Amino acid sequence: MTAQRTLALLGATGSIGASTLDVVARHPERYRVGALAARRNWQAMATLCRRFRPQLAAMHDAVAARELARALAGTGTEVVAGDEGLVAVATLTAADTVLAAIVGGAGLASTLAAAHAGKRILLANKEALVMGGELFMDAVRAGGATLLPIDSEHNAIFQCLPPHTAALDARAVQRIILTASGGPFRERAHASLAHVTPDEACAHPNWSMGRKISVDSATMMNKGLEVIEAHWLFGAPRAAIDVVIHPQSVVHSLVEYVDGSVLAQMSNPDMRTPIAHALAYPERIESGVSPLALASLAPLTFAAPDLARFPCLALAYAALDAGGSAALALSAANEVAVGAFLAGRAGYLDIARACDATLGRTTVTRVRSLDDALAADAAARRDACAVLGLPPTQMEGMAA
Ligand code: NAD
Ligand code: MG
């Protein structure tokens, strides 16, 4: 019988959090929930705590933490708050597995702490890896942690690589190919997008996700972040990472070998498949996802991405080439701009404009510590606010 794993879930109230708990609840003999963390929705958290009975629950927001503590009095769940609370969840001694599903740079410090603590990290929070880069990978090595990708493309690549390969073997693997749906604006000219609303941008044709990643999918910044994520996860040089548009989101990514073989991973677009894969790896468990009905699928099509239509993808390539803090600055600027767009304080096209201008203003430095990362994050957020004409106090940073 397989030993039971204890899970700490960062970002419990979000879309990935819900999919994770759905899979976990299907296998109570295999998984126990040790700790949960979220930002400020204490009512949703109270419901989850009553159901999964974790030993620890963290709310990043201190007021929400007080409300949660009151709601859970006498239940046996200890409630903690703030940055320290997130780190306490990520490093809980009783938990062997940490599922990192906070959105944005707000997840970096806790995910880094999980790496230092040698946890088995199931990574959805791609911004943490994009922003932490070398620092994050060094922490994984130093802490003896295991990093398993949840992001569907990276999980697909991981499944298509030879088993037990930590890094890509250039003698065997020629290219990794990330698929991208192209989002809701795949066929619209860039200039025609000036007045699209947040709801239009969030109406993803295939996936149901949180609002930030939905906007990132529309701009294709999401794919840009994923190129950088693939670089770090698989040790792949930029030249060995390609992006192909595949509107049906059935082929989740591919690996091309030197002999001409191309392996693909296919499944319905439901995050419970990659989550179940990473939870059980190297075993397999049932995920609740319906079988792929091959014969009734729409035709599967593939096309090259148009970088003029999707300038954010080109910016991510530029940031990866620039190295150091460039990707961190790009991701931070994107968070500010997407936040402003979702709040009705910036237009859709301002997202690419703010990212471009912030990257242009960034002095690229090496990120050697969490303090370096926090400083670069704050500087990029200030720059992005200035470009967007927003007060610099408006946009939360990693340490907010
Ligand atoms: P979401 O907005 O639905 O959920 C975000 C979660 O993060 C919530 O639980 C929220 O409380 C928590 N959070 C936000 N700020 C926080 C803070 N400062 N402190 C503590 N918790 C905080 O987002 P999501 O769609 O679940 O995405 C989560 C992450 O997973 C993102 O990095 C996203 O890119 C990645 N991801 C998501 C999907 C998907 O299908 N949703 C797919 C691939 C990757
Ligand atoms: Mg993805």
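All values reported here derive from a predicted model rather than from experimental measurement.

## Some details on the domain arrangement of the protein chain
- Structurally, the protein chain comprises domain 1 (5-150), domain 2 (157-270 + 292-296) and domain 3 (323-394).
- Taking the mean C-alpha position of each, domain 1 and domain 3 sit 26 Å from one another.
- Residue-level contacts link ten residues of domain 1 with 13 residues of domain 3.
- Summing the contributions of domain 1 and of domain 3, the shared interface buries around 800 Å²; its carbon and sulfur component is 64%.
- On the surface where domain 1 and domain 3 come into contact, there are one salt bridge.
- A salt bridge links Arg-366 to Glu-134; its shortest N-O distance comes to 2.7 Å.
- Our count for the contact surface shared by domain 1 and domain 3 stands at two residue pairs in polar contact (both at pLDDT 80 or more).
- Every element with two or more residues in the side of domain 1 that touches domain 3 is listed here: α5 (108-116), α6 (126-132) and α7 (134-143).
- When grouped by side-chain class, the residues that make up the side of domain 1 that touches domain 3 number six nonpolar, two polar and two charged.

## Things to note about the site of ligand 1
- Taken together, 23 residues lie near ligand 1, and Thr-13, Ser-15, Ile-16, Glu-127 and Gly-210 sit nearest.
- For ligand 1, whose free accessible area comes to 830 Å², the fraction covered by protein is 90%.
- Here the shell around ligand 1 is built from residues that sort into twelve nonpolar, seven polar and four charged.
- When residues of the shell around ligand 1 are assigned to domains, at least three fall in each of domain 1 (5-150) and domain 2 (157-270 + 292-296).

## Observations regarding the sheet that holds strand β8 (residues 173-180)
- The mixed open sheet is built from four strands, whose spatial order is β9-β8-β10-β11. Pairing within the sheet leaves two strands with one partner each, and these edge strands are β9 (241-245) and β11 (262-266). Put simply, the sheet's adjacent strands are angled 20° from each other on average, direction ignored.
- Sheet strands touched by helix α8 (residues 152-160): β8, β10 (251-257) and β11. Its angle to β10, the strand with the most contacts, is close to 40°.
- Each of β8 and β9 touches helix α11 (residues 221-234); the most contacted strand, β8, lies at about 150° to it.

## Describing the nonpolar core
- Core analysis: the biggest nonpolar cluster contains 114 residues, and Leu-36, Met-45, Phe-136, Ile-176 and Phe-234 have the highest contact counts within it.
- With sequence-adjacent residues up to four places away left out, Phe-136 is seen in contact with Leu-108, Thr-111, Leu-112, Leu-123, Ala-128, Leu-129 and Leu-147.

## A word on the coordination of the magnesium ion (ligand 2)
- Each protein donor to the magnesium ion (ligand 2) is listed here as Asp-151 (OD), Glu-153 (OE) and Glu-226 (OE); together their distances run 2.1 to 2.2 Å.
- If you list the donors of the magnesium ion (ligand 2) from N- to C-terminus, the spacing comes out as D-x1-E-x72-E. Of this pair, Asp-151 sits in the loop between β7 (146-149) and α8 while Glu-226 sits in helix α11, placing them 75 residues apart in sequence.
- Overall, Asp-151 belongs to the buried group, its relative accessible area being 7%.
- A residue is classified by how much of its surface remains accessible, and Glu-226, at 1% relative accessible area, is buried.

## Structural notes on the packing of aromatic side chains
- Per the counting criterion, the structure on display carries three aromatic pairs.
- Relative to Tyr-348, the ring of Phe-185 has its centre 5.3 Å away and its plane inclined at 85°; by these criteria the two rings are edge-to-face. Of the two residues, Phe-185 is situated in the loop between β8 and α9 (198-202) and Tyr-348 in the loop between α14 (326-342) and α15 (349-361); the sequence distance between them amounts to 163 residues.
- Note on Phe-185: relative accessible area 4%, which makes it buried.
- Linked through ring pairs, Phe-185, Phe-341 and Tyr-348 together constitute an aromatic cluster.

## Details of the pattern of salt bridges
- Counted according to the given criterion, the structure contains 25 salt bridges.
- Note that Asp-270 and Arg-272 form a salt bridge whose closest N and O atoms lie 2.9 Å from each other.
- Residue Asp-270 is classed as partly exposed on the basis of its relative accessible area, which comes to 21%.
- Using a relative accessible area of 15% as the deciding quantity, one classes Arg-272 as buried.
- Across the salt bridge formed by Arg-381 and Asp-377, the nearest N and O atoms sit 3.0 Å from each other. Of this pair, Arg-381 and Asp-377 both sit in helix α16 (residues 370-388), four residues apart, which is roughly one turn of the helix. The same class applies to Arg-381 as to Asp-377, namely buried.

## Details of the packing of helix α2 (residues 42-52) against helix α3 (residues 62-71)
- As a packed pair, α2 and α3 sit with axes 9 Å apart at the nearest point and diverge in direction by 35°. Crossing geometry of α2 relative to α3 is assigned as right-handed. Each of Trp-42, Met-45, Ala-46 and Arg-50 in α2 lies in contact with α3, whose residues at this interface are Ala-64, Glu-67, Leu-68 and Ala-71.
- In terms of residue class, the contact of α2 with α3 is built from six nonpolar, no polar and two charged.

The rules behind these values
- Residues numbered from 1 in each chain as written.
- Chains lettered and ligands numbered in written order.
- Predicted model: local features only at pLDDT ≥ 70, side-chain atom pairs only at ≥ 80, totals over all residues.
- Heavy atoms only, no water.
- Domains from an automatic or database assignment.
- Contact = heavy atoms within 4.5 Å.
- Buried area = accessible area lost by both parts, 1.4 Å probe.
- Salt bridge = Lys/Arg side-chain N within 4 Å of Asp/Glu carboxyl O.
- Polar contact = N/O pair within 3.5 Å; in protein donor to acceptor, adjacent residues only side chain to side chain.
- Helix = DSSP H or I, 4+ residues; strand = E, 2+ residues; numbered from the N terminus.
- Nonpolar A, V, L, I, M, F, W, Y, C, P; charged D, E, K, R; others polar.
- Near = heavy atom within 4 Å.
- Areas by Shrake-Rupley, 256 points an atom, 1.4 Å probe, with all protein chains shown as cover.
- Pairing = 2+ DSSP bridges.
- Axes fitted to C-alpha atoms, helices over the stretch in contact; angles between N-to-C directions.
- Core = buried A, V, L, I, M, F, W, Y, C linked by side-chain atoms within 4.5 Å.
- Buried < 20%, exposed > 50% of the residue type's maximum accessible area, 1.4 Å probe, protein only.
- Donors = N, O, S within 2.8 Å, 3.2 Å for Na, K, Ca; no water.
- Phe/Tyr/Trp six-rings, centres within 6.5 Å; stacked < 30°, edge-to-face > 60°.
- Left-handed = near helix turned anticlockwise from the far one by under 90°.

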